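Each chain, letter by letter, is given below.
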Amino acid sequence: ATPLGTLLCRATLRGAWRGKPSAAATATRSARSVAAMAKAFSSAPATEMSERLRSVTGGSTGHMDEWRKLLKDAEQPGVVNLTQGYPDFEGSRDARKAAAEAMLSEETSRLNQYSPLVGLGSLMQSISDMYKRLWDWELSAEKNILVTTSGTEAISVAFQTLISPGDEVILFEPFFPWYAPVAKLAGGEAKLVRLRMEEGFSISKERLLAQFDRKKTKMIVLNTPHNPTGRVLSQSELEIVHEVASTSEAGCVVFSDEAYEGQCWASGGHKKIAQEMAKLDRERGASVDVLTMGTASKLCSLTGWRVGWLLGSEQIISGCKAIHGYGTYCAPTVLQHGIGKALDGFSDFSFDGTSDLMKTNAEKFAQVLRDKGFEVYMPLGGYFVVVDCSAFFPSSMAFCSALLAECKVAMAPMNMFYGTPSEALAPNERCFVRIAICKTEGLIEEAISRIKTFDPEKKR
């Protein structure tokens, strides 16, 4: 929009150039005209947004307003930002080197153009080879793998492929905040099963059965290691989920979000849910389909590259390929190339040392917060630590605000990880806070040194 002063200046000059009797009068008329147009624009009806948008925002932004404000404040100078799950270290050198070289080389200039819709063939083979090498999981690069534009898109593609209007989706809360809106956009209804801290955030068979409908439940969403808690599913929990899913009359699929498969320090390491379900199928004479999501964002510590993948049966992956093609079409080709080179270099479960780093950071945070009198859930994987501040504060936002103001350390309230309204949560659940530990040792030590000066007793 052109500033009013500029319009007035132009009007005055036009009047003088054309020899009109009064430049001031011309300018006045122009000003009146501009004012009239501005009034017309301001009184025009606002563009109506779609029902689809309203269905996922509920007419307001809710927890997202708090989240945006917190993220903005967390970016202020001098703040140690532990709100979001992105590393402050450089990420896979193999991936970055290979992508940079390919991007600038004439011999590989084709990698700066579209890849095939299903993914760069070399990356798909690298994904297949890695899972065979590390987990002894046989996957056909052509039939069982789809490369997506991030793990987030993989979730959207999976839900759009499998969920029809009227279908129900089981979500264990707290959960990654994208699940519920994506389910709703696909026409499904999220059915929530609570994970309680006092129970170690473990799956309750009783609560799962209360929400499961044999005729309507089309998907059960698992996430291990879990965001936000760092919980790693036990064998008994997998058996519960398999038992329930196998009774479905609607073709219930288990969607397994394994974004943090490379950061797992549980005894026995990360187990591929598809493999575990297949074993139970054989033991029980059942058939439960599993669709798995993986991502280079966490596996290679490159959250900005937006390269993910889906792994599953040929039938489901074929459907996912079609939906993906009508969305982003393909992930950045040269970045796919770089990720493939990184995956080729993973010969064990260290994944560039990220698992050991997260475990150490989690232990350090748990110790300092427990020393302060907070209850802490000790994770067995992932990027986060969950703390209960209810002993000192009425809400997670009160704690986060106080810590940010006094110590310049930013953490994330966990309200947005629940589909249940805050007022319906238990008092301690309203006080859960998530801490991102995917940071260098130096940044973690700085945050801890500041927290040691914080006296929660004074904030009661």
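Along each chain, numbering runs from 1 in the same order as the chain's sequence is written. Only residues with pLDDT of at least 70 get local features here, since the model is predicted, and only at 80 or more are side-chain atom pairs given and counted; chain-wide, interface and lining totals rely on the full set of residues. With hydrogens and water excluded, all non-hydrogen atoms of the structure serve as input to the side-chain values.

Chemist: Please provide a residue-by-residue account of the overall build of the protein chain, values included.
Modeler: Comment: elements are numbered from the N terminus, with helices defined as DSSP H or I runs of at least four residues and strands as E runs of at least two. Scanning the protein chain from terminus to terminus reveals 17 helices and 13 strands. Burial here depends on accessible area, computed with a 1.4 Å probe over protein chains only, as a share of the maximum for the residue type. Under 20% is buried, over 50% is exposed, and the range in between is partly exposed. With 460 residues in all, the protein chain has 51% of them scored as buried. Any two residues having at least one pair of non-hydrogen atoms within 4.5 Å are treated as being in contact. The long-range fraction of contacts in the protein chain, counting pairs at least 24 apart against all pairs at least 6 apart in sequence, stands at 74%.

Chemist: Pulling in residues and values, what's your account of the sheet that holds strand β7 (residues 289-295)?
Modeler: Strand order in this open sheet of 7 strands is β2-β8-β7-β6-β5-β3-β4, and the pairing throughout is mixed. Where the open sheet ends on each side, the last strands, each with one partner, are β2 (145-148) and β4 (189-194). Each strand of the sheet is rotated relative to its neighbour by a mean of 25 degrees, with strand direction disregarded. Two strands pair when backbone bridges link them, and strand β3 (residues 168-173) and strand β5 (residues 217-223) are joined in this way by 4 bridges, in the parallel orientation. Paired with Val169 across the two strands is Met219, which belongs to β5. Note on geometry: axes are C-alpha line fits, over the in-contact stretch for helices, and angles between N-to-C directions span 0 to 180 degrees. Taken strand by strand, helix α11 (residues 273-284) contacts β5, β6 (253-257) and β7, and its axis lies near 165 degrees from that of β7. In the packing of helix α13 (residues 314-325) onto the sheet, the strands contacted are β2, β6, β7 and β8 (308-311), and the crossing angle to β2 comes to about 25 degrees. Pairing between strands is defined by DSSP: at least two bridges between the two strands are required.

Chemist: Give a description of the packing of helix α10 (residues 235-245) against α11 that names residues and reports values.
Modeler: Interhelical geometry of α10 versus α11 gives an angle of 65 degrees and a closest axis separation of 10 Å. Note on packing geometry: the crossing formed by α10 with α11 is right-handed. Judged by residue contacts, Gln235, Leu238, Glu239, Val241, His242 and Glu243 of α10 engage Ile273, Glu276, Met277, Leu280, Asp281 and Arg284 from α11. Gly falls in the polar group here, along with every residue not listed as nonpolar (Ala, Val, Leu, Ile, Met, Phe, Trp, Tyr, Cys, Pro) or charged (Asp, Glu, Lys, Arg). Tallied by class, the residues present in the contact of α10 with α11 amount to 5 nonpolar, 2 polar and 5 charged. In this scheme, a crossing is called left-handed if the near helix is turned counterclockwise away from the far one by less than a right angle; it is called right-handed if the turn is clockwise.

Chemist: Tell me about the side chain of Thr224, and please be specific about residues and values.
Modeler: One can find Thr224 in the loop between β5 and α10. With relative accessibility at 2%, the residue Thr224 sits in the buried group. Distance and chemistry together define a polar contact, namely a pair of N or O atoms within 3.5 Å, with one atom able to donate a hydrogen and the other to accept it when in protein, and with adjacent residues in sequence counting only for side-chain atoms on both sides. Polar side-chain contacts of Thr224 include one of 3.1 Å to the backbone nitrogen of Leu233. In this view, Thr224 contacts Arg231, Val232, Leu233, Asp257, Glu258, His270 and Ile273; residues no more than four positions away in its chain are not counted.

Chemist: A description of a nonpolar patch on the surface should follow, citing residues and the corresponding values.
Modeler: On the surface, a cluster of nonpolar side chains totalling about 290 Å² of accessible area is made up of Met49, Leu53, Val56 and Leu185. Residue placement: Leu185 occurs in helix α8 (residues 179-185). Judged by relative accessible area, which is 37%, Leu185 ranks as partly exposed. A patch is a set of surface residues, each over 30% in relative accessible area and not in a salt bridge, joined within 9 Å for like charges and within 5 Å for the nonpolar side chains Val, Leu, Ile, Met, Phe, Trp and Tyr. Using the Shrake-Rupley algorithm and a 1.4 Å probe, accessible areas are obtained, with residue cover drawn only from the displayed protein chains. Any Lys or Arg side-chain nitrogen located within 4 Å of an Asp or Glu carboxyl oxygen qualifies as a salt bridge.

Chemist: Kindly report on the sheet that holds strand β10 (residues 384-388), identifying the contributing residues and their values.
Modeler: Reading across the sheet, the 4 strands line up as β9-β10-β13-β12 and stay open at both edges, with antiparallel pairing between neighbours. Every interior strand has two partners, whereas the edge strands, β9 (375-377) and β12 (412-413), have only one. The pairing of β10 with strand β13 (residues 432-436) spans 5 bridges and is classified as antiparallel. For Phe384, the partnering residue across the bridge sits in β13 and is Ala436.

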